[in-house]
Structure formats: C-alpha cells, structure tokens
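# Chain and residue survey
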Amino acid sequence: MGTALIIGGNGQIGVPTALALAADGWQVRVLHRGSRPLEPDLAEAGVHEVRGDRADEAVLAAAVGDGVDLLVDCVAFDSTHAEQVLRHRAGLGSAVVISSMAVYADADGRLLGGPEFPHLPVGVREDGPTAQPGRGGYAEGKVELEQAWLAADVPATVLRPGAIHGAFAQNPREWFALKRVLDGRTDVVLAHEGRSRFHPSAVENIAELIRLAGARPGRRVLNAGDPVVPTSAEIVTAVYAARAREVTVHPLPGEPVGNLGLNPWGVPGPFVVDMSGAATELGYRPVVDYVSSLGPYLDWVERASAGRDWREVFGDFAASGADLFDYAAEDAWLAARR
C-alpha cells in the first residue's frame, strides 16, 4: 500500500479508519485541529499527525506533502471543502469522501429533517432521488460536495452513512438510553410505538468500506449502513442489555406529545437503505452488527461523560434543542396509566 491522509483523522470515523488502513500496510497521516491529543492507539500504530485547520492553505499543503495515494475526508460538508483539497489534485491518487443518507429525497422532494417526512422505499438504492445541490441545508450541501468530487479528475468513492455510532462521537444518540441507565430509569416511552427504523452505521463498518475503496479506487457512490436496522425499541433494549439492565418500553402511538416520546431514532416511517451496492462493488462484508458494536462504544460514552456536563462533551447531541430527558413528563404519563 501507499500513503493515506485522513482529514478529521482524530475523530469518530477517522480513528478506526486510520487503524484499519495502518493494519493494511498504509503509511497513514491524519490532519486534525488539535482540540485533543492524538489518540494513543494511533501513535502506537505509527500514524503521523498534522495539526491545524484544513481551511489554512499552508496546513493543508503540509498535510498533502509530496502527494498521497489515498485522501479520506471525514468532515467535509459542501463543495468549498472539496475545492480546498482539489487545489492539490496533482498530488492525489484517489479519494473517499463521507456524505450522508440524509441526501435522499422522495418523489415530491421531501427530505429528512424537513417539514414532512419523506416517503421512501424500504431499501433506498444509491441511484434514488436526492436533494438539490446548494448551501440551503445539510442535505443540499452534502449533494454539492458529492457532485464536486464525482466531477473531478480524481477517482472518488462517496459513502453515505446514516445514524453513525462509535467512540469519539459529538452526537452519541445512544446517550438517550445510556443516561437513563445511569439515572436508574427502568421505563422509557417511545413515539411511533417504538417501531421507528433509522438506519445505523457503525464506525467499524464505515472504516471497512474505506479500507476496501482505498484498495480499489473508482468513481462511485455507496450506502454505508449496518447489516441490521433495529427499531427504536430494540435499540433502547439493546443499550440496557449491554449494561445488564432491564427496561420496559412503553409504545406511544403517533408523534411525540411535547417532549414525551421524543428519541433520536423517532421517525414516522422507515429510513432504510440498500447495501447490495457495496457488496457488489467492493466485496464488502460488515465487520460488526449494531448489538455487537455497543460494548466498547458505551464504555467510551460513559468515560467521556463521567464527572462532566454532558452538554459540553456531546455538543451536537445537545444542540438539537429538544429535551430528550423530560423525566417529569414521562413519570406523569406513566402514573396516569397505573
């Protein structure tokens, strides 16, 4: 293997990707802003770090150096981030870029996070309709990013993960259940009767896709989801089980009532993608399923939050503005039914 540069390489996707590539024989360096020290596992694997902001041309030039055979961008959001890197296209062999399943739209243009939930088939394929490119929102920016890379003269694999889970998360959705475990809660109320299915993506599986794409460069778009898509009730139960605790899930029909029933996977219809493309293109086989990935991940979440304000540790989770821990509303609802 050759040299690989991972932008955002000390983060949630970057760390397992750097380890997977290093184990495969790549000479890996990571670019990160230095908000925390390089993970010890990366240093032990011989990964080299470059600290700084990708928007600083001198920093990015130093990271690319004399050229890299594989560029992995874990933290790009629109075409401006593609343009930053493509100024160094002469030094790039191939690329893997992280997009999102959020780009998918239904036939009427409805998007995840919009005023109306999209009506999507179960098992959305990569050639399905997407948002229009632009800077109007997250999905639009990601489509713009995809198109910039796919039009470039560098072979680029675009990956579309869903609800990403794994260590170093800023938005650990599983905190919804784990905090309840730590707080001694034994009952959870879930909207949509706890049947919501929002495709999860383990960082270990994303790293495996990146490893395979790096070894087989091409111009392609691939979904990046886990092999099984559990319901919101199954997720909560699995988190409790991973901590040897039992929970009673109370299904709430329909939408949340105020804060009651709110949860990070609470969608009114299935948001599930098809993973056959990755198997066909890359010979991909998942490394983990949702349940088997939980133990080390929850250990990290618990360590990261211990003795600290979780709102500061998990900034993106807190930024939603929703009160996902309205225990008073939950207790009142439960008491009225006893």
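Residues numbered from 1 in each chain as written. Predicted model: local features only at pLDDT ≥ 70, side-chain atom pairs only at ≥ 80, totals over all residues. Heavy atoms only, no water.

### Comments concerning the nonpolar core
For clarity, the threshold we go by: The set of buried Ala, Val, Leu, Ile, Met, Phe, Trp, Tyr and Cys residues whose side-chain atoms join them within 4.5 Å is what this entry labels a nonpolar core. To sort residues, take the accessible area from a 1.4 Å probe on protein chains only and compare it with the maximum for the residue type: under 20% means buried, over 50% means exposed, and anything in between is partly exposed. Helix numbers and strand numbers start at the N terminus; a helix is a DSSP run of H or I with at least 4 residues, a strand a run of E with at least 2. Contacts are assigned to residue pairs with any non-hydrogen atoms lying within 4.5 Å of each other.
F176, V236 and F314 are the most contacted members of the largest nonpolar core, which totals 77 residues. Broken down by element, the residue count for this core peaks at seven residues, all from helix α10 (residues 290-305). Apart from residues lying up to four places away in sequence, F176 is in contact with V188, L190, V236, L262, N263, P264, W265, F317, L324 and F325. Core analysis: the second largest hydrophobic core is formed by 22 residues, V50, L71, V85 and A156 among them.

### Some points on the sheet that holds strand β1 (residues 3-7)
Formally: For two strands to be treated as a pair, DSSP must find no fewer than two bridges joining them. The convention used is that axes are lines fitted to C-alpha atoms, helices contributing only their stretch in contact, and that angles between N-to-C directions extend from 0 to 180 degrees.
The seven strands are arranged β3-β2-β1-β4-β5-β6-β10 in an open sheet whose pairing can be described as parallel. Two strands close off the open sheet at either side, each with one partner strand: β3 (48-51) and β10 (220-224). Within this sheet the neighbouring strands show an average axis-to-axis angle of 20 degrees, counted without direction. The sheet strands contacting helix α5 (residues 138-150) are β4 (68-73), β5 (92-98), β6 (156-161) and β10, and the helix crosses β5 at an angle near 160 degrees.

### Topic: the packing of helix α1 (residues 14-23) against helix α7 (residues 203-215)
Using the following cut-off: Roughly parallel means an angle under 35 degrees; roughly antiparallel, over 145; roughly perpendicular, 65 to 115; everything else is oblique. Helix crossings fall into two classes, left-handed where the near helix is turned counterclockwise from the far one by less than a right angle and right-handed where it is turned clockwise. Residue type decides the class: Asp, Glu, Lys and Arg count as charged, Ala, Val, Leu, Ile, Met, Phe, Trp, Tyr, Cys and Pro as nonpolar, and the leftover types, Gly among them, as polar.
Where α1 meets α7, the axes come as close as 8 Å, and the angle between the chain directions of the two elements is 45 degrees. The angle between α1 and α7 places the two elements in the oblique class. For the pair α1 and α7, the crossing hand works out as right-handed. Taking contact as the criterion, the partners of P16, T17, A20 and L21 in α1 are, on α7, V203, A207, I210 and R211. When its residues are assigned to classes, the contact of α1 with α7 shows six nonpolar, one polar and one charged.

### Re the packing of aromatic side chains
Test applied: Classification of ring pairs uses Phe, Tyr and Trp, with its six-membered ring standing for Trp, and accepts pairs whose centres are within 6.5 Å; under 30 degrees between planes counts as stacked, over 60 as edge-to-face, and the remaining range as tilted. By definition, being over a ring means that NZ of Lys or CZ of Arg is both within 6 Å of the ring centre and within 35 degrees of the ring normal.
On inspection of all chains with the given rule, the structure shows 13 aromatic pairs. Site record: aromatic cluster; members linked through ring pairs are F168, W175, F176, W265, W300, W310, F314, F317, F325 and Y327. When the ring centre of F176 is taken as reference, the NZ or CZ atom of R180 above it lies at 4.1 Å. In this arrangement the basic side chain of R185 is found over the ring face of Y327, its NZ or CZ atom lying 4.2 Å from the centre.

### Quick notes on α7
Using the following cut-off: Take the residue count of a helix, subtract one, and multiply by 1.5 Å to get its expected span.
The end-to-end C-alpha distance of α7 is 18 Å, a good match for the 18 Å that 13 residues give at a rise of 1.5 Å each. For α7, a buried count of ten out of 13 residues is recorded, marking the element as mostly surrounded by other parts of the structure. All of the buried residues along α7 are V203, N205, I206, A207, E208, L209, I210, L212, A213 and G214.

### Looking at the pattern of salt bridges
For the record, the criterion: Salt bridges are defined by distance alone: a side-chain nitrogen of Lys or Arg within 4 Å of a carboxyl oxygen of Asp or Glu.
All told, the structure shown has 23 salt bridges when counted by the stated rule. Here D78 and R135 are joined by a salt bridge, their closest N and O atoms 4.0 Å apart. Of this pair, D78 sits in the loop between β4 and α4 (79-86) while R135 sits in the loop between β5 and α5, and the two are 57 residues apart along the sequence. What makes D78 buried here is its relative accessible area of 15%. With its nearest N and O atoms 2.8 Å apart, the salt bridge here joins R220 to E281.

### Details of the environment of R211
With respect to the secondary-structure elements, R211 resides in helix α7. On the basis of relative accessibility, which here comes to 21%, the residue R211 falls in the partly exposed class. R211 has contacts with A20, L21 and D24, leaving out every residue within four places of it along the chain.

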